[in-house]
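So the chains spell out like this:
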Amino acid sequence: MDETSSSSAALHRMKAAADRSTGPVSPGPVSGSRPEEHADGPSSGRPSDGPSGERLGRQDDPPAGRGVEAVDRGDRGTPGERGPEGVTAAQARLRHANLREPVNPVEALNEWLDGLGEPDWDKVSQAIYESPAHAKAAYEQAKVRLAEERERRAEERRQAEIARREAAERAEAERLEAERLAEEERLEAERLAAERAEAERLAAYRRAQEQARLEAQRRAEEEARLEAERRLEAQRAEEEALRLEMERQEQEEWLRRQRERETWALQAAAREADGTDWVPPAERRPLLEERGEDLTDAELLERARIFLPEWRHRYRILEKAQAIEAATLGPRSAPAAYASPEAYGDDEDFWDHVGEPEVVRYIPPYNLPSRDPDPLPGFPDLLRQVTVTIAWLLFVAGGIYGLGFLGEDPTGPWLHDLHGGRFAGGYSMLSMASWAMLVWPLLWLALGVYTVHQWMPSQAAAARQRATGWRVSGAMVAAVAWFVIARSGVMLGAELVVWLALTSLLVGSIHQLNLYTARTRVERAITDGMIGLFTGWAVIYAATNTSIWLQSLGLNLLWIPGAVWAVLTIVVVVWGTAMMAMTERGRITIALGLTWGLVAILVPRLVGSMHSVWVAIVAAMGLFVVLLATENRRYRINHAEHRATLGHAVDDV
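A. Broad picture of the nonpolar core. Among the nonpolar cores identified, the biggest contains 70 residues, and F395, W440, F534 and W537 are the most heavily contacted of them. Only helix 10 (379-403), helix 11 (439-453), helix 12 (463-488), helix 13 (494-515), helix 14 (521-553), helix 15 (562-581), helix 16 (588-607) and helix 17 (613-646) provide two or more residues apiece to this core. Counting residues per element, this core draws most heavily on helix 14, at 13 residues. For W440, the contacting residues outside a window of four places in its chain are F395, L403, A479, F483, W499, F534 and W537. One finds A268, V279, L288 and W311 within the second-largest nonpolar core, a separate group that totals 12 residues.

B. Local environment of the side chain of S612. For S612, the position within the fold is in the loop between helix 16 and helix 17. With residues near it in sequence (within four places) discarded, S612 still touches M429, A563 and R605.

C. Molecular detail of the side chain of N545. Structurally, N545 can be placed in helix 14. Those residues in contact with N545 that lie beyond four places of it in its chain are F423, W482, E495, L496 and W499.

D. Quick peek at the environment of L553. Looking at the element boundaries, L553 is found in helix 14. Sequence separation between L553 and G493 is 60 residues; the distance between their C-alpha atoms is 9.7 Å.

E. Region of the structure containing the packing of helix 10 against helix 11. Contact geometry for helix 10 and helix 11: axes closest at 10 Å, N-to-C directions at 170°. Here helix 10 is positioned roughly antiparallel relative to helix 11, judged by the angle of their axes. Where helix 10 abuts helix 11, its residues V388, T389, W392, F395, V396, G399, I400 and L403 lie against W440, L443, W444, L447, G448, Y450 and T451. A breakdown of the residues in the contact of helix 10 with helix 11 according to their chemical character gives 11 nonpolar, four polar and no charged.

F. Region of interest: the pattern of salt bridges. Scanning all chains against the criterion turns up 42 salt bridges. The partner of E260 in a salt bridge is R256, and the shortest N-O contact between them spans 3.0 Å. With a gap of four residues between them, E260 and R256 both fall in helix 6 (residues 121-274), about one helical turn apart. By relative accessible area, which is 46% here, E260 ends up partly exposed. R466 is the salt-bridge partner of D381, the closest N and O atoms lying 2.8 Å from each other. One end of the pair, D381, is in helix 10; the other, R466, is in helix 12, with 85 residues separating them in the sequence. Taking relative accessible area as the criterion, D381 reaches 4% and is therefore assigned buried. If you follow the salt bridges from partner to partner, you end up with E149, R152, R153 and E156 in one network.

What counts as what
- Residues numbered from 1 in each chain as written.
- Predicted model: local features only at pLDDT ≥ 70, side-chain atom pairs only at ≥ 80, totals over all residues.
- Heavy atoms only, no water.
- Core = buried A, V, L, I, M, F, W, Y, C linked by side-chain atoms within 4.5 Å.
- Buried < 20%, exposed > 50% of the residue type's maximum accessible area, 1.4 Å probe, protein only.
- Helix = DSSP H or I, 4+ residues; strand = E, 2+ residues; numbered from the N terminus.
- Contact = heavy atoms within 4.5 Å.
- Axes fitted to C-alpha atoms, helices over the stretch in contact; angles between N-to-C directions.
- Parallel < 35°, antiparallel > 145°, perpendicular 65-115°, else oblique.
- Nonpolar A, V, L, I, M, F, W, Y, C, P; charged D, E, K, R; others polar.
- Salt bridge = Lys/Arg side-chain N within 4 Å of Asp/Glu carboxyl O.

Structural data, given as structure tokens:
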């Protein structure tokens, strides 16, 4: 519903209420009515109910004299609201007069209210009708004022932002100007400082040049003075050297004549003693007579008779020691203990230094280790190391295949089960028990340690590695070849030849290790120990291979029983292995490798099908002899070295 319809509805409701309250207009006064009611007419009657439904009228209703106002305004009022014609102003005022005494204030108030005229409904309806338009106009004015206020505030903010930006720009310009001025001041200060530094540098340079010139002048003067002193000193040295040379020539001439004289005296004493002319060489013996003693020939001969036996004995000991050392260390310079007497100022000091060899000197029964530095490693050394490594890998792979760890193949299962038990413990008198093959994993590990050790920087160009590396790698490859031949069934003696070649290579390696003694305990434990273990096993298994080959051929050499040949073979093998085990300081690993093989031969001879008590007894005695001889060698050398260290007498080892 719009504003016009709502206002019209309200106006009609108010008019209807007014009509109901006033009723019809009487033409004259009514009996019992008040005079003011008659005078006023219908328009002065008290309504029973106002617009709000109350007895009392609204305080803002128009006064009762609005009929006059209606007459004055013309036809704007209703017929009921206009007063009679000819009503004067006094009469209009009398209409509001109270001609009766009021009964009480409430009635008076009601009568006064009844005397009030009706509201101008046209104005009211007009006001109500126009109120939405006024409200809308007021709302539009308020919106306009609000928009103007917003524009004003936005303009103020814009002006403030412009002022702030202008202030910031002015501040930034001032800052840049200040920085520019500061930078100019700094550059000026740096320029002045650089000029001062350059001036100071030039001044220091001139001072340094002056000092250098003065120093050079002083040095030139000092060198001239020193040169003069050196020339004088050189002249004096030349004179002194000439004098010493003359004295030396004179001494040599006297020494030559004295040695000839002493040699004559010593030879005369030797002919008197044993009828020979052998005496120690003049350069390897002290003098019998000091310069200035002036002994006669008879006195010199008597002194020669006294010293000749002792000098002969000492010279023989010295000659033997030098020969042993030369064979041990190769072509090296003799140590200070074997130097010639001329190395000492006094002849007696020479013999005091040498002393008694059998008391304080210990000559080891093996080559002493070389203390010379190793040469730089070269390509052959790298090739040798790579070859040893590859040979070890083949050695392990071939052993795993040959022993049967890869499972059954066309040739059969385990090695000792192949070819009718050819490698089993009951095939020949020197055949080993099947568990003897457990030595191979130990050999793989031992030679693996040796292979890793030969890659160490200290072993790259070592003489003992150069002498043994190729032999050991050849032995490992030969072991692989033996496994392949033994498993494939080529039994024409080829496996025996291969194993004998393997044994020969390992024995040659032991010989090289004896020539190049280990320099440290690690070298002795790894290189010598691992190769020695392989060598001991190879020697005894060579005898087993030989026995298996002869048994396969059915040979009966000289109609001698196989047990006798087995005993003789064990004796030879034990003797040869014991000789190798007793080299250097005693090689216990060779004895252990041989012992493992002898035990593997001994057990089947006692409990196996190829029974022989004598072979078992000889094998047991052989392993005992090898172990005892090796340990005796080790003990005697350790004991002799300990006594020599303490300065005690040492027996021959």
